[in-house]
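Secondary and tertiary structure notes
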Amino acid sequence: MNRPVWLACILLACAAAALGQVDSEALANSQQDDESWLMYGRNYSAWRYSPLDQIDTGNVGQIAPAWIFQTAESGKFQTTPLVRDGVMYVTGPSNHAWALDLKTGRELWHYSEPVPDDLTLCCGKPNRGFAILGNLLFKVNMQATLVALDATTGDVVWEVESADYRKGYSNTVAPLVVNGMVVVGIAGAEFGTRDFIDAYDAETGERRWRFWTVPGPGEPGNETWGGDSWKRGGASTWITGSYDPELNLIYWGTGNPGPDLDGAPRPGDNLYSDSMLALDADTGELRWHFQFTPHDVHDWDSVADPVLIDVEIDGQPRKALVHANRNGHFYALDRTSGEYLFARAYTEVNWADGMTSAGRPILIPGREPTDEGTLTCPGMGGGHNWHATSYSPQTGLYYFNSGDGCQIYHGATQDFVEGEFYLGSAMENVTGEPREGSILAVDPGTGDRRWRFPLVSPPTSGMLSTGGGLLFAGTLEGYFVALDAADGRLLWRLQTGGPVRAPAITYRFEGRQYVATAAGSAIIAFALPR
Amino acid sequence: MRWRVLTLLVSLAVGAAGQELERSPFHGDETSIGVGKASFRLRCSACHGIHAEGGKGPPLNRGEFAAGNRDVDIYRVIARGVPGTEMPAYGTRNTEENIWRIVAFLRTFEAVGDERVDGNAERGEAIFWGTGGCGGCHKVGRRGASYGPDLTRIGRSRSVQHLREALLDPGKDLPAGYFVVKVVTRDGRTVSGIGSGIDDFSAQLRDASGRLHSFLREDVESIEREFTSLMPSYGESLSDQQQRDLLVYMQALRGEESR
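Predicted model, so just to flag it, every value in this text is computed and none were measured.

The rules we used
- Residues numbered from 1 in each chain as written.
- Chains lettered and ligands numbered in written order.
- Predicted model: local features only at pLDDT ≥ 70, side-chain atom pairs only at ≥ 80, totals over all residues.
- Heavy atoms only, no water.
- Helix = DSSP H or I, 4+ residues; strand = E, 2+ residues; numbered from the N terminus.
- Rg over C-alpha atoms; globule rule 2.2 N^0.38 Å.
- Buried < 20%, exposed > 50% of the residue type's maximum accessible area, 1.4 Å probe, protein only.
- Contact = heavy atoms within 4.5 Å.
- Areas by Shrake-Rupley, 256 points an atom, 1.4 Å probe, with all protein chains shown as cover.
- Salt bridge = Lys/Arg side-chain N within 4 Å of Asp/Glu carboxyl O.
- Pairing = 2+ DSSP bridges.
- Axes fitted to C-alpha atoms, helices over the stretch in contact; angles between N-to-C directions.
- Disulfide = S-S within 2.5 Å.
- Domains from an automatic or database assignment.
- Buried area = accessible area lost by both parts, 1.4 Å probe.
- 1 Å grid on protein atoms, 1.4 Å probe; cavity = no way out; pocket = protein on both sides within 12 Å on 5 of 7 lines; lining within 4 Å.
- Points joined across faces, edges and corners; volume = space filled by probe spheres on them.
- Nonpolar A, V, L, I, M, F, W, Y, C, P; charged D, E, K, R; others polar.

**Description of the overall build of chain A**
Scanning chain A from N- to C-terminus turns up 2 helices and 38 strands. On C-alpha atoms alone, chain A measures out to a radius of gyration of 22 Å, which is about the 24 Å that the 2.2 N^0.38 rule sets for 530 residues. If you line up chain A on its principal axes, its C-alpha atoms span 70 × 55 × 50 Å. Split into buried and exposed, the 530 residues of chain A put 65% on the buried side. For chain A, contacts bridging at least 24 residues in sequence account for 58% of all contacts bridging at least 6. Put simply, chain A shows about 18000 Å² of open surface, and 49% of that area lies on carbon and sulfur atoms.

This is the structure we're talking about:
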């Protein structure tokens, strides 16, 4: 290499570093980067904990909005913004996204892509966030596509279709970048799709591997589906997983089998629905699985955060994976092997009387949906549904929300029609019994509840814990709150004017700590007064 | 593959407005009816009942429909909604094919006719504004009070069974947004009324005089939400004939008085 070319390469490398481009090392060390928020769960272990402590239990009462960005778009804002190098990257509903100036909240660019008129959806048009690598941002669109955007301009660099939306597929998940690949899940189980987890080359968009969450003929687990019911087996993967670089394993939860409430067409355990999967990050091969709710007939997706912590359980140090399941139980698994460690009910449960030593629920008879209806707790939404959770190494506690209450489950046999709802009936609320909620703090080594903050409505927001001893969360009625992470005491609140459906993030910019969240259809960044 | 053929027929015949067909192309098709039933339970059962028996919305299992008994009439109501009632338009949330499947499901119920009530609307009106005292809480058109739900169009949106239930057991199925808030202040006073809002930190309510009260939880002893009705039962205070007269009057409230 001659001297000018060599020099140019050095300059380019310096320029890339100066621009703060995100490489694999930066992602692996994201927990130590106070000035950025680089992935959905903040670190590969999905802790959503920042050691930042400028805002703490003593001064949080003084924080106020530093800026507010009004998106002027409607729909559910469930995004986890990313932050790096002075810019915030935010996704919104209906295929919108923005880049915002961290200093002022002013828009730098706006990306949008129309949602097809004939796209059928179960649950609105939310999106849960970007992933980032180099100068590329990755997001899914509602019509089951994955796009890479130039972080500087918002221009599309490549776009791939993961699945045909006309068959009932859609997508809302925040991607996860691992080893130069963009890993994404898919949604569609309410329409009798057969679902998967995909990994795409971050530079080209070429698919590197796919793991079908419902095994096909000849594959282990296919025998857990009667007849050809596996073809419509669901097991969506609509919430971001986690990653252990040391084990090179990706952990990802799966959703309900299809049809949701009618088990008759699909006799058997219906693997790998309602399961936690551990996949080899390089090949997508299954290393282990654990099924939380075999043969689910209550729509208890198991997609919620798989959080990786090293913790003592029964006197033994464990590399654990903890997970609050929609079926009403908090679980701890050994993440090296998938071994069941324990489960504890965290809300009212009337369908299982504990677990076997292997973690299989001991069923209470008569809780299956019927035509006339069966009262079962928790209700269809859980328990803990999907909202982002947080683990604070400072308090040693794990934080998640819970919907509390029961529902009446109605079942009915229904033939499959491609692209149409394949639910096997529906739920109804119990008259005079409003569904409420909780923010819970649990000891991850025992499942013991340390405190509960009651909510008058089912929860909507995720969690953020910080080194300032704080837990940030929001409510359906529009409050954004700071609780004492140690005991759940309310320390600060603000009525934002719109439902808080997203988890908050935090970062340091020009020496100040900010806490930012989506509320209503706005993004608000809070800080202490200058 | 049968449904594919039917879908094609729909696509050809319906057009963008979905109004060209008189009859659901899925009429009598068991598979489509099953899908229509599933969609009904997902989208419609919260108001019309899990078995289409009615609730906050009118019953749809009697083979007769307020907006007309042709398939296309039912289609139009689902797609466009009913202005002035809680019935929203589902045309933007469902494909045309799926709405036709719901229509096919609803046409599986045999016509049994709506329940006829032996009463007199004029006498019912007199009870409403007189001895019954209903106008002290409810509005019809511009007359009456706004403490309880507006009944201007109640005959369009509630079945006679639901109206009777509301008259005899008002707390059994409360209208959306109606609940009672009971506040005990630090000095021991109790303030209760219809809740305008409640959250984890505050509550707003209107008392029987219509006055607004707003409380922060930190300033009071307790705030409780009760899913009961402040309306008394009329099972004892009105005779059977008076109840029937009142029902017939309310059945006739279809919005014309709102001028």
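After presenting the structure, the write-up continues.
**Notes on the pattern of salt bridges**
Inspection of the entire model under this criterion finds 36 salt bridges over all chains. Between D443 of chain A and R450 of chain A there is a salt bridge, and its shortest N-O distance comes to 3.3 Å.

**Some points on the sheet that holds strand β36 (residues 505-509) of chain A**
All names here are of chain A. Strand order in this open sheet of 4 strands is β2-β38-β37-β36, and the pairing throughout is antiparallel. The sheet terminates laterally at β2 (64-70) and β36, the two strands that pair on one side only. In this sheet, adjacent strand axes meet at a mean angle of 25° when their direction is disregarded. Pairing of β2 with strand β38 (residues 522-527), which is carried by 6 bridges, proceeds in the antiparallel orientation. Bridging across to β38, Q70 finds its partner in A522.

**Here we look at the state of the cysteines**
Per the counting criterion, the structure on display carries 2 disulfides over all chains. Disulfide pairing is shown between C122 of chain A and C123 of chain A; the S-S distance is 2.1 Å. Between C122 of chain A and C123 of chain A the disulfide shows an S-S torsion of about -105°. By sign, it is left-handed. The cystine pairing of chain A, numbering bonded cysteines in sequence order, is 1-2, 3-4. No disulfide involves C44 of chain B; its sulfur sits 9.0 Å from that of C47 of chain B, the nearest cysteine.

**Comments concerning the environment of G359 of chain A**
Residues and elements named next belong to chain A. With respect to the secondary-structure elements, G359 resides in the loop between β23 (352-355) and β24 (361-363). Relative accessible area serves as the criterion here: at 1%, G359 is assigned to the buried category. It is 8.9 Å that separates the C-alpha atoms of G359 and E339, two residues lying 20 residues apart in sequence. Sequence-distant contacts of G359, that is, excluding residues within four places in its chain, are made with F290 and Y340.

**Some thoughts on the sheet that holds strand β22 (residues 340-345) of chain A**
All names here are of chain A. Read across the open sheet, the 4 strands follow the order β19-β20-β21-β22; overall the sheet is antiparallel. The sheet is open, and its two borders are formed by β19 (307-313) and β22, each paired with just one other strand. Going across the sheet, the axis of each strand differs from the next one's by a mean of 30°, ignoring polarity.

**Comments concerning the domain arrangement of chain B**
All names here are of chain B. Splitting chain B by domain gives domain 1 (2-106), domain 2 (127-168 + 234-258) and domain 3 (180-226). If you look at the interface, domain 1 gives 12 residues, while domain 2 gives 8 residues. Both sides together, the interface formed by domain 1 and domain 2 hides about 740 Å², and carbon and sulfur atoms give 49% of it. The three residues of domain 1 that bury the most area against domain 2 are G55, K56 and P58, which together make up 37% of that side's buried surface.

**As for empty space enclosed by the protein**
Residue and element names in this part refer to chain A. Here the structure, examined in full by the defined rule, presents 3 cavities of 30 Å³ or more. Roughly 70 Å³ of internal volume is contained in the largest cavity. What lines the largest cavity is a set of 13 residues, among which Y40, G41, N43, A46 and G241 lie closest to the centre. Residue composition of the lining of the largest cavity, grouped by class: 6 nonpolar, 5 polar and 2 charged. Looking at the second largest cavity, its volume works out to about 60 Å³.

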